[in-house]
Amino acid sequence: MALTTTKSKYLDNYVDPVGKSVPRLEGRGVVTGQLKYAFDISFPNMLVGKMLRSPHPHAKIVSIDTTKALALPGVKAIVTSRDTYQIKFGSNEYFFPHTVDQMALESDKVRYIGDEVAAVAAVDEETANLALRLIDVKYEILPGVFEIEEAIKPGAPQIHESLNNIAVILPVNFGNPERVMKEADYVREDKFWCPVAHPAPMEPHVCVGQWETFTNKITLWSSSQAPFKCREALAKTLKMDLNDVRVIKMPTGGGFGGKLEMLPMDFAACLLSKKAGGFPVKILLTREEEFTTTRRKHGMIYKIKTGVKKDGTILAITGEVLADGGAYCSYGPTVLAAAIMRIFMVYKIQHFRMSGYRVYTNNPISGAMRGFGGVQSGFAIESHMDMIANDLGMDPVEFRLKNITHANMVTVNKMVLTTNGLRECIEKACAAAGWTKKHGKQKHIKRGIGIGIAADVMGSKMYKSHESAGAIVKVEEDGSVYLFTGAADTGQGSNTALSQIAAQELGVSFSRIKCKAGDTEITPFDTGSFASRVTFISGNAALLGARDAKIQILEIVAKEHNLNVADLDIKAEHVVFRNDGKKFINFDKALDLCYSFNYGKQIIGRGSYNPKTTPIDFRTGEGNVSGSYGFEAQIAEVEVNTDTGEVKLLELWDAHDIGKAINPQSVEAQIEGSLAMGIGYTFYEDLRFKNGRVLNANFAGYRVPRSIGIPKMNSILVETNDPEGPFGAKGMGEASLLPTSAAIANAVEDAIGVRIKELPITPDKIIQGLRAVKEKK
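Residues numbered from 1 in each chain as written. Predicted model: local features only at pLDDT ≥ 70, side-chain atom pairs only at ≥ 80, totals over all residues. Heavy atoms only, no water.

Draft legend 1. Expanded view of the overall build of the protein chain. Across its full length, the protein chain holds 20 helices and 32 strands. In terms of overall size, the protein chain behaves like a compact globule, its C-alpha atoms giving a radius of gyration of 27 Å where 777 residues would be expected to give roughly 28 Å. Taken over the C-alpha atoms alone, the protein chain extends approximately 85 × 75 × 45 Å along its principal axes. Per-residue burial over the protein chain gives 63% buried out of 777 residues. Surface exposure of the protein chain reaches about 29200 Å², of which carbon and sulfur atoms provide 49%. Measuring between centres, the 92 positive side-chain charges of the protein chain sit 1 Å from its 88 negative side-chain charges. (Helix = DSSP H or I, 4+ residues; strand = E, 2+ residues; numbered from the N terminus. Rg over C-alpha atoms; globule rule 2.2 N^0.38 Å. Buried < 20%, exposed > 50% of the residue type's maximum accessible area, 1.4 Å probe, protein only. Areas by Shrake-Rupley, 256 points an atom, 1.4 Å probe, with all protein chains shown as cover. Lys, Arg positive; Asp, Glu negative; His and termini not counted. Charge placed at Lys NZ, Arg CZ, Asp CG, Glu CD.)

Draft legend 2. Inspection of the side chain of serine 666 at higher detail. Of note, serine 666 is situated in helix H18 (residues 664–683). Leave out the neighbours within four places in its chain, and serine 666 touches Arg24 and Gln492. (Contact = heavy atoms within 4.5 Å.)

Draft legend 3. Structural context of the sheet that holds strand S32 (residues 712–718). Reading across from one edge, S20-S28-S29-S32 is the order of the 4 strands in this open sheet, with mixed pairing throughout. Looking along the sheet, the strands with just one partner apiece sit at the ends: strand S20 (447–457) and S32. Taken pair by pair, the neighbouring strands of this sheet meet at an average axis angle of 15 degrees, ignoring direction. In the sheet, strand S29 (residues 647–657) pairs with S32 via 7 bridges, with the strands oriented parallel. Pairing of histidine 656 across the sheet is with leucine 717, part of S32. (Pairing = 2+ DSSP bridges. Axes fitted to C-alpha atoms, helices over the stretch in contact; angles between N-to-C directions.)

Draft legend 4. Broad picture of the environment of threonine 293. With respect to the helices and strands, the residue threonine 293 is situated in helix H8 (residues 287–293). According to the relative accessible area criterion, threonine 293 is buried, its value standing at 3%. For the pair threonine 293 and tyrosine 112, spaced 181 residues apart in sequence, the C-alpha separation works out to 8.9 Å. Within the local environment of threonine 293, its side chain forms a polar contact with the backbone oxygen of glutamate 289, the two atoms lying 2.7 Å apart. (Polar contact = N/O pair within 3.5 Å; in protein donor to acceptor, adjacent residues only side chain to side chain.)

Draft legend 5. Region of interest: the packing of helix H11 (residues 374–392) against helix H12 (residues 396–403). The interhelical angle for the contact between H11 and H12, taken along N-to-C directions, is 110 degrees, at an axis separation of 9 Å. In terms of their interaxial angle, H11 and H12 are classed as roughly perpendicular. In this structure, the crossing between H11 and H12 has a hand that is right-handed. Contact with H11, carried on its side by Glu382, Met385, Asp386, Ile388, Ala389, Asn390 and Leu392, involves Pro396, Phe399 and Arg400 of H12 and no other residues of that element. (Parallel < 35°, antiparallel > 145°, perpendicular 65-115°, else oblique. Left-handed = near helix turned anticlockwise from the far one by under 90°.)

Draft legend 6. Quick peek at the packing of aromatic side chains. Going through the model one piece at a time under the given rule, you end up with 17 aromatic pairs. Ring geometry for tyrosine 14 versus phenylalanine 510: centroids 6.0 Å apart, planes at 85 degrees, classification edge-to-face. Highlighted residues: tyrosine 14 in the segment before helix H1 (27–32) and phenylalanine 510 in the loop between helix H15 (494–506) and strand S23 (513–517), separated in sequence by 496 residues. According to the relative accessible area criterion, phenylalanine 510 is buried, its value standing at 5%. Ring geometry for phenylalanine 291 versus phenylalanine 699: centroids 5.5 Å apart, planes at 75 degrees, classification edge-to-face. On the criterion of sequence distance, the pair formed by phenylalanine 291 in helix H8 and phenylalanine 699 in the loop between strand S31 (693–694) and S32 is long-range, its members being 408 residues apart. On the basis of relative accessible area, phenylalanine 699 is assigned to the partly exposed category, the value being 31%. (Phe/Tyr/Trp six-rings, centres within 6.5 Å; stacked < 30°, edge-to-face > 60°.)

Draft legend 7. Looking closely at helix H17 (residues 587–594). For H17, the complete set of buried residues consists of Phe587, Ala590, Leu591, Leu593 and Cys594. Summarising the axial view, the buried residues of H17 lie within an arc of 155 degrees, below the 170-degree limit, and thus occupy one face. Looking at the buried positions of H17, the neighbouring elements they touch are strand S21 (469–475), helix H16 (534–560), strand S24 (568–571), strand S25 (574–577), strand S26 (583–586) and strand S27 (603–609). The opening residue of H17, the one whose side-chain oxygen lies 3.2 Å from the backbone nitrogen of aspartate 588, is asparagine 586. (Arc of directions from axis to C-beta.)

Draft legend 8. How the structure looks around the side chain of aspartate 569. By secondary structure assignment, the location of aspartate 569 is in strand S24. Aspartate 569 gets classed as buried once you look at its relative accessible area, which sits at 6%.

Here it is in C-alpha cells:
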C-alpha cells in the first residue's frame with residue numbers, strides 16, 4: 001500500500017514526548033488562577049462546617065450537651081459520637097490491626113489538644129463558630145505525658161491500652177552484631193535529636209461533603225493524596241459499601257504526606273450533610289487548626305553504634321529509635337520501619353540490630369510527611385558515618401565508596417537491587433562540587449563542604465495486600481486520547497508524566513492526551529501519591545493501558561491489509577513496520593479504519609500493574625518492599641560567621657539516579673523542591689510544644705524557606721534505565737530530601753570543627769559548639 005501523505009495536526013514537538021520537558025497539563029490553569037481547588041467549590045444552599053475540639057491534652061468526656069447550639073437560628077445540623085457507629089480507623093490496618101485507634105468523633109476520652117468531639121453545620125461561618133461555643137462539654141481532666149522518654153516509664157499516664165505507651169515495637173535483627181562488634185578495630189556510638197516539622201501546605205485542608213438523599217450515596221470533594229484510601233476509611237466509619245462512596249480529588253495546593261489520610265473533618269462533612277437533609281457542607285481548617293490537628297513529622301531520638309575495621313569496612317551496626325507518635329498511630333508503623341530499614345539500600349551490612357519504638361504521647365498526631373522517617377534517619381546515619389570517617393582519618397567520600405551497595409545484589413534483608421547508580425551519583429556530585437579541592441582545605445576562610453547519600457523506594461507494599469495501579473486509555477473517533485488514572489497529582493506533575501508515558505507507548509503526540517485522574521467512581525484503583533510510587537507503578541499501568549489500545553488498533557490494520565500484527569508498531573503518529581521503521585499509514589487513517597463501517601471498533605485499552613515485591617516480615621525486617629530503588633548523593637557548601645553563629649548555605653549539588661527522566665524539567669523541579677524542604681528542616685522548622693499545646697501554630701512563628709535566600713542548586717540526573725520501570729524510569733522526589741540536613745551539618749563540621757547532633761542548626765548552637773571546641777583545646 002502506498003504511503004499516505006496527509007499531514008496530521010498533531011505532528012509537533014510533542015511526538016515521542018518521553019525525555020522531553022513538555023509543559024504541565026495544568027500549568028496554564030495554575031498561573032491564570034482558573035484551576036479550581038476544593039476551596040473554590042460552591043453549591044446552592046451550601047453550609048459551613050466547623051469542628052469542636054478538645055481544649056485539654058488528656059481528659060475523659062463526661063457529657064456533651066448540644067441543646068443551646070441546636071436552638072441557635074441558622075444551625076442546620078450537629079453531630080457527636082452518638083450519631084456515629086463509633087468505628088475506629090487507621091492507616092496501617094493490614095499489617096498492624098492493633099494500631100487502628102482513632103474515631104472520627106471521640107466518645108469516651110480525648111488525647112490531645114484539638115481532638116474532635118463534635119461538628120456543626122450552619123448557614124454561615126459566624127453562626128457555626130457561635131454554635132461551637134454553645135456546645136457544653138464536661139471533661140474530667142487526666143494527667144498528660146509529653147516527652148518520649150517520660151511516656152515509656154512505668155507508671156506514666158496511659159494514653160491507650162498499650163503497655164508503657166508503646167504503640168509499636170519494631171525489631172530488626174540480622175547476623176550477630178554483638179559478637180562482630182567486639183572484633184572491630186574501632187567502635188563509635190552517637191545520639192541524635194530530630195525535631196518535629198509540619199508539611200505546612202499553602203492550601204490548608206478543605207473538603208466538601210454531600211449526602212444524596214435519593215440514593216443514600218455520598219460524595220466528598222477534597223485535595224486528598226490518596227482518594228481511594230480516603231474512600232475506604234469513609235466507607236468503614238460510615239458503615240457503607242465502597243460503591244456508595246465517591247471521593248473526587250481536586251487540584252492540590254501542597255500535600256507533602258499530610259493529606260494522605262481521611263481526617264475527622266472529611267467524615268464530619270458527609271455526616272453533617274446527611275443530618276442536614278442533603279445540603280452540601282464545606283469544612284475549611286484555619287491555619288492554626290492545620291498546624292495543630294492534621295499530621296506532622298515524628299520527632300525522633302536516634303541512637304546508632306557502628307563497628308568498623310581500620311580500613312573503614314563496616315562490620316556491624318546496632319541502635320535504637322524512639323519516635324514521638326502523638327495521640328494516635330496514623331502511619332507510625334510505616335514511618336518507623338522506613339527510618340530503620342532504608343540503611344540497607346545504601347550500605348552493605350551483614351550484622352545489624354536496631355529496635356524501633358513508636359510511642360504515644362499527648363502531643364498532636366504524628367503521621368506521614370515527605371521522607372517517611374528517612375529525613376530523620378538520614379540526618380543521624382549520614383552524620384554518624386562522617387564522624388567515623390573523620391575518626392579513622394579517611395576522606396568521607398572514600399569511606400562511603402568502600403561500603404555502599406551496588407547493582408544486581410540482594411541485601412541482607414532480601415531487598416533486590418537491580419539497577420543502582422549510587423557510585424555514579426557520588427562521583428558526579430563530587431566532580432561537580434570540586435570535592436577534592438575543597439574538603440578540609442577551606443577552614444581558614446570558615447568554609448566547608450559536606451556529603452550525604454540516600455536511597456528510596458518506588459512504592460511500598462506496607463499498606464494493603466497489593467499495591468496495584470490501573471489505567472484506561474480511550475481513543476476517540478476524533479483522535480483525542482483520554483487517560484484515566486486513579487493516581488493523585490499533588491503538584492509533582494504526575495498527570496503530565498503519565499500522559500507522556502501513554503503517548504510514547506501509543507506512538508502519538510502528547511498533544512492528543514487528556515488526563516482524568518483521582519475520581520473513585522470513574523478512574524481505576526490506585527493506592528495514592530506517596531513513597532515516590534506514581535511514575536514507577538502508575539506509570540507502568542498507563543504504559544500497559546496504552547499498549548493494549550495500540551494492539552487493538554494494529555489488529556484492525558493488520559486484518560484489513562492481510563498483514564501480521566506482530567510486524568507492525570505505531571511510532572511518531574504513524575503505523576510502521578517493526579523491522580525497518582518504514583511508515584505504512586498515519587495514525588488518523590488507522591483510527592478511521594477502526595471506526596469504519598466494517599469494524600466499528602471502540603478503542604479502549606486497559607492496564608494494571610502490581611510490582612514484583614514481597615511484604616516486609618515485621619518480626620525480622622525482611623522483605624523486598626519495592627519493585628526498584630532510587631539512589632542519590634548530595635553535597636553542600638557552607639560559610640560560617642564565627643562571630644554571629646550564622647551559617648550561610650552557598651551551594652548544593654544533587655546527583656540522582658532516576659532511571660530515566662520522563663520530563664527532565666519536572667524532575668529538576670522535584671529535586672529543587674525537596675532541597676528547599678531539606679533546607680527548612682535543617683535551619684528553620686521546629687514545631688514546638690508546651691504541655692501538648694503548639695506554641696508556633698502560624699507562619700509568623702513557624703519559619704519555612706522562601707525563594708529569597710535559597711542557594712544555587714545543581715541537579716545532576718543519572719540515568720540507569722531500570723528494566724522494570726516505564727521506559728526505564730524510577731520514582732523520585734523524596735530521596736533528595738533525605739540527606740540534606742546531614743550534608744549541611746557535615747559541611748559545618750568541615751568548616752569550623754563543630755558537630756551538630758540536634759536540629760535545627762541555629763546560631764546559638766554554633767556559638768555553643770565553638771566554645772566547646774575552644775575548651776577542648
